[in-house]
Amino acid sequence: MSVSSSYSSNPLTWQLLFINANIATMNDGANSYGAIENGALAVTDGLIVWTGSMTEIAALDISDNANLQVIDVAGQWLLPGLVDCHTHIVYGGHRANEFELRLQGASYEEVAKAGGGIVSTVKATRDANEQELFASALARMQALQAEGVTTIEVKSGYGLDTETELKMLKVASRLGEQPGIEVRKTFLGAHALPVEFADNADGYIDVVCNEMLPAVAEANLADAVDVFCEGIGFNIEQTERVFKAAQQHNIAIKVHAEQLSDLGGTALAAKYQAMSSDHLEYLSEGGIKAMRDADMAAVLLPGAFYFLRETKLPPIEALREHGVAMAIATDANPGSSPIHSIQLMLNMACTLFRLTPAEAIAGVTIHGAKALGVDDKVGSLEVGKQADIAVFNIEQVAQLCYQYGVNPLTAVYKAGEKVA
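If you look the protein up in an unreviewed UniProt entry, it shows as Imidazolonepropionase from Thalassotalea mangrovi. Listed in UniProt under the heading Sequence similarities (unreviewed entry), the comment for the protein reads: "Belongs to the metallo-dependent hydrolases superfamily. HutI family." According to UniProt, the comment filed for the protein under the heading Catalytic activity (unreviewed entry) is "4-imidazolone-5-propanoate + H2O = N-formimidoyl-L-glutamate".

What follows is the structure, encoded as structure tokens:
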């Protein structure tokens, strides 16, 4: 497919020009790569100002632009900077011990009784200071950046008290100060029930709504609020209480839903104009229609599906039929998806969930951006959008889904500045 050029600035004002490039604009959603073969792309003030063919470039007079930096990528592919729209990379400790126990046959309940599960991560996260959490999270984030990620979401949710939830979100803010990355922060206080509120979920939700959320909002530490709406998490009524509190503070809404059962969390989130619903293995037809009508993104998490050895697939074909945007993310976390490779997620999305390569790539570009509410500025290579660009030494885009373990990334630009 060929995409026509879009000229919107004087070539004499261009600051950066990529030539001899193959460009996956991703401006056609999951229908195609929006490819411009043997093309060029121009950048001014961090924004994309022109895309087109090398034939068109030859017809333009750029010889008098002494400030223009020309980069010949020699047939490599330019993609939008990748988006990992669902992660939990700020946490203390690890859970390798319970991984080993489960492989030896221990049940989830037995692991929990031995002090494992989320309880162990909460304890380690509470015990860690901010610098320790930052150092470990930075290494995880850099692993994702090394594969072309330029926008990432980071959730709280391993503190489960006000002090630690704020600490986690402050760490996420510090991560966003690093070069080459935009961090979107999500408050997930309603992630699990802390031990001090055992058998008192309503009391804990009181704290989330009346203490934690106001403190998060006052400190401007969250772009969104999330809830784990599930049998082992929080019920519909408790989830809606958090949604209403988020609305009162004008914070966007997301939801973990339909991972283990169909409680209707997705349909509820749609009523509150949520940006996304994530996991979705048990999502019903009604939930899919609600997502479509609310223009929500479906965030699919093949890493958790793989690591937990799940067998219930998300309703991929129904999501396709109803035109729901499907995003893909790592769900990087210590318990159910300790994976920090967006390229591996692309392969898993295709092999486990049967997405096409174009759908998978859209899932970590334009649809991943949609899940974070930033698709107006990143996620595709279009005029007017931020020049977040990942350069890959591949012959065709599908190679990013086809293989992993050999990283073809050769350069990354964030807002037109080379960062890798």
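1. Some words on the domain arrangement of the protein
Here the protein is partitioned into domain 1 (16-80 + 380-418) and domain 2 (82-371). Distance from the C-alpha centre of domain 1 to the C-alpha centre of domain 2: 31 Å. On the domain 2 side, the residues contacting the 25 residues of domain 1 number 24 residues. Each partner contributes to the roughly 1,800 Å² buried at the junction of domain 1 and domain 2, and carbon and sulfur atoms together form 68% of this total. Of all residues in domain 1, Cys401, Tyr404 and Lys414 bury the most surface against domain 2, accounting for 31% of the area lost on that side. The tally of links between domain 1 and domain 2 comes to 0 salt bridges. Applying the counting rule to domain 1 against domain 2 returns 5 residue pairs in polar contact (both at pLDDT 80 or more). Only strand 6 (77-80), strand 15 (389-392), helix 16 (399-402) and strand 16 (409-414) provide two or more residues apiece to the side of domain 1 that touches domain 2. When residues in the side of domain 1 that touches domain 2 are grouped by element, the largest group, 4 residues, is from strand 16. Residues of the side of domain 1 that touches domain 2, tallied by class, amount to 18 nonpolar, 4 polar and 3 charged.

2. So, the packing of aromatic side chains
The geometry of an aromatic ring pair is captured by two quantities: the separation of the ring centres and the angle between the planes. Tallying each qualifying case throughout the model produces 8 aromatic pairs. Seen in terms of ring centroids, Tyr204 and Phe234 are 6.1 Å apart; in terms of plane orientation they differ by 20°. Their pairing is stacked. Here Phe234 lies in the loop between strand 10 (224-229) and helix 8 (236-248) and Tyr204 lies in helix 7 (residues 201-218), a separation of 30 residues in the sequence. Of the two residues, Tyr204 and Phe234, neither departs from the other in class, the shared state being buried. Seen in terms of ring centroids, Phe243 and Tyr272 are 5.6 Å apart; in terms of plane orientation they differ by 55°. Their pairing is tilted. A residue pair is termed long-range when its members are at least 10 positions apart, and Phe243 in helix 8 and Tyr272 in the loop between helix 9 (265-271) and strand 12 (276-279) qualify at 29 residues. The same class applies to Phe243 and to Tyr272, which are both buried. Of the aromatic side chains, those joined through ring pairs into one cluster are Phe197, Tyr204 and Phe234. The ring of Tyr282 has Lys312 sitting right over it, with the charged end atom 5.5 Å from the ring centre.

3. A look at the layout of surface pockets
The volume enclosed by the second largest pocket comes to roughly 160 Å³. Along the walls of the second largest pocket sit Gln15, Leu16, Val43, Asp45, Gly46, Gln69, Tyr413, Ala415, Gly416, Glu417 and Lys418, which together make up its complete lining. By residue class, the composition of the lining of the second largest pocket is 4 nonpolar, 4 polar and 3 charged.

Thresholds applied
- Residues numbered from 1 in each chain as written.
- Predicted model: local features only at pLDDT ≥ 70, side-chain atom pairs only at ≥ 80, totals over all residues.
- Heavy atoms only, no water.
- UniProt positions renumbered as here; feature names shortened; annotations may be inferred.
- Domains from an automatic or database assignment.
- Contact = heavy atoms within 4.5 Å.
- Buried area = accessible area lost by both parts, 1.4 Å probe.
- Salt bridge = Lys/Arg side-chain N within 4 Å of Asp/Glu carboxyl O.
- Polar contact = N/O pair within 3.5 Å; in protein donor to acceptor, adjacent residues only side chain to side chain.
- Helix = DSSP H or I, 4+ residues; strand = E, 2+ residues; numbered from the N terminus.
- Nonpolar A, V, L, I, M, F, W, Y, C, P; charged D, E, K, R; others polar.
- Phe/Tyr/Trp six-rings, centres within 6.5 Å; stacked < 30°, edge-to-face > 60°.
- Buried < 20%, exposed > 50% of the residue type's maximum accessible area, 1.4 Å probe, protein only.
- Lys NZ or Arg CZ within 6 Å of the ring centre and 35° of its normal.
- 1 Å grid on protein atoms, 1.4 Å probe; cavity = no way out; pocket = protein on both sides within 12 Å on 5 of 7 lines; lining within 4 Å.
- Points joined across faces, edges and corners; volume = space filled by probe spheres on them.

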